[in-house]
Amino acid sequence: MDNKSRPIGVFDSGLGGLTVVKKLLEHLPNENIIYFGDTARVPYGDRSRETIVRYADGDIRFLLGHGVKAVCIACNTADSMARTEMEKRFDVPIIGVVEPAARMAAGLSENRKIGVIGTKATVKSGAYARVIRALAPEAEVTSVPCPLLCPLVEEGRFLPGDEVVESVLRDYLAPIKAAGADTLILGCTHYPLLYDVIEKLLPGVRLISSGFASTETLVKTLDRLDLRNPSKKPGSISFYVSDAPERFAENGGMFIGREITGKVEKVTI
Ligand code: DGL
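Residues numbered from 1 in each chain as written. Predicted model: local features only at pLDDT ≥ 70, side-chain atom pairs only at ≥ 80, totals over all residues. Heavy atoms only, no water.

> Whenever I open this one, the site of the ligand confuses me. Can you help?
Close to the ligand lie 14 residues, the nearest being Ser13, Tyr44, Gly45, Asn76 and Thr77. One of the backbone nitrogen or oxygen atoms of Asn76 is found 2.8 Å away from an oxygen atom of the ligand. Thr77 is positioned such that a nitrogen or oxygen atom in its side chain is 2.6 Å from an oxygen atom of the ligand. Looking at the shell around the ligand, its residues break down into 6 nonpolar, 7 polar and 1 charged. (Near = heavy atom within 4 Å. Polar contact = N/O pair within 3.5 Å; in protein donor to acceptor, adjacent residues only side chain to side chain. Nonpolar A, V, L, I, M, F, W, Y, C, P; charged D, E, K, R; others polar.)

Okay, structure coming up:
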């Protein structure tokens with residue numbers, strides 16, 4: 001296979017990264033994609049840096065074994081905790097989700113008050129606040145860890161009117177509201193599904209889905225390195241998981257916005 005037609009590798013701890021794939025399919029429809037969801041070890045968000053680095057290392061090695069030309073870390077937790085180390089270890093372009101979303105927020109916020117919600121590990125890493133402050137030193141960043149959100153989303157509890165998810169979110173979003181943020185980064189790739197509930201609870205606040213901004217960075221990177229697939233045919237997607245492929249196939253549709261057809265292969269990494 002020539003360099004340009006090699007696939008793009010995308011990974012997450014499980015289903016969340018499929019929200020990023022949804023955007024990739026819109027913007028890069030001719031690229032081939034290999035997706036790995038580490039469903040045997042999800043969630044990453046409550047784990048230590050050392051463990052997340054080890055998991056990310058295994059995930060990237062798996063993707064490299066499939067000859068990928070670039071890696072997209074479609075997981076805020078792995079990106080914020082492990083990307084610097086992964087860039088040292090692997091000689092492949094690695095695109096994350098944190099920096100593009102932070103850049104977008106720093107560029108768009110008018111009152112310079114920016115909220116960030118994410119997993120415990122993402123918030124603990126301070127990665128969003130670091131990138132935002134580097135671009136906008138005067139910005140006030142309010143970051144809130146939201147460990148209950150991923151399990152709720154995975155259970156299909158993400159629609160406006162669901163009293164459980166609304167009450168959990170009301171609690172998590174209170175400090176963001178109190179800080180008067182005009183922009184909120186949804187710093188977990190599970191959270192685009194919560195967009196409508198969050199919009200209802202924080203009317204007028206600009207919501208930035210992490211992962212959506214990273215597609216643009218990926219496009220620019222492929223262009224810069226002359227790695228765009230010249231094919232005019234729709235690209236293929238192959239799905240791999242480390243556990244429960246049936247559950248992934250069943251629930252993945254909510255995240256990627258279309259039915260997951262074709263085989264989801266279980267692998268041991
Ligand atoms: N989707 C992952 C992220 O963007 C989090 C899920 C997890 O905790 O594993 O951070």
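> Can you help me understand the sheet that holds strand 8 (residues 206-209) in this one?
Strand-to-strand pairing in sheets goes through backbone hydrogen bonds, with the strands running parallel or antiparallel. Strand order in the open sheet formed by 4 strands is 6-5-7-8, and the pairing between neighbours is parallel. The sheet is open, and its two borders are formed by strand 6 (140-145) and strand 8, each paired with just one other strand. Strand-to-strand twist in this sheet, taken as the mean axis angle between neighbours without regard to direction, amounts to 20°. Bridging between strand 5 (residues 113-118) and strand 6 involves 6 bridges; their strand directions are parallel. Considered in strand 6, the bridge of Val116 is made with Ser143. (Pairing = 2+ DSSP bridges. Helix = DSSP H or I, 4+ residues; strand = E, 2+ residues; numbered from the N terminus. Axes fitted to C-alpha atoms, helices over the stretch in contact; angles between N-to-C directions.)

> Looking at this model, I keep getting lost on the environment of Lys69. Mind explaining?
Take Lys69: it is sitting in the loop between helix 2 (49-64) and strand 3 (70-73). Using a relative accessible area of 2% as the deciding quantity, one classes Lys69 as buried. Considered as a pair, Lys69 and Arg133 are 64 residues apart in the sequence and their alpha carbons are 32 Å apart. Here the side chain of Lys69 touches Lys4 through a polar contact of 2.6 Å, landing on its backbone oxygen. (Buried < 20%, exposed > 50% of the residue type's maximum accessible area, 1.4 Å probe, protein only.)

> Mind showing me how you'd approach empty space enclosed by the protein here?
With a probe scaled to a water molecule rolled over the atoms, the places where space remains empty come into view. Taken as a whole and assessed by the stated rule, the structure comprises 1 cavity of 30 Å³ or more. Volume-wise, the largest cavity comes out at about 30 Å³. Along the walls of the largest cavity sit Val116, Thr122, Val123, Gly126, Ala127, Tyr128, Ala129 and Ser143, which together make up its complete lining. Element by element, the count of residues in the lining of the largest cavity is highest for helix 6 (residues 127-135), at 3 residues. (1 Å grid on protein atoms, 1.4 Å probe; cavity = no way out; pocket = protein on both sides within 12 Å on 5 of 7 lines; lining within 4 Å. Points joined across faces, edges and corners; volume = space filled by probe spheres on them.)

> Help me out: how do you make sense of the pattern of salt bridges in this one?
Proximity of charged atoms lets side chains of opposite charge pair with each other. Enumeration according to the criterion identifies 21 salt bridges in this entry. A salt bridge links Glu87 to Arg83, with the nearest nitrogen and oxygen atoms 2.9 Å apart. Here Glu87 and its partner Arg83 are both found in helix 3 (residues 76-89), 4 residues apart, which amounts to about one turn of the helix. Since its relative accessible area comes to 41%, Glu87 is described here as partly exposed. For Arg83, a relative accessible area of 16% translates into the label buried. Ionic contacts of the salt-bridge type, sharing partners, join the residues Asp57, Arg61, Glu85, Lys88 and Arg89 into one network. (Salt bridge = Lys/Arg side-chain N within 4 Å of Asp/Glu carboxyl O.)

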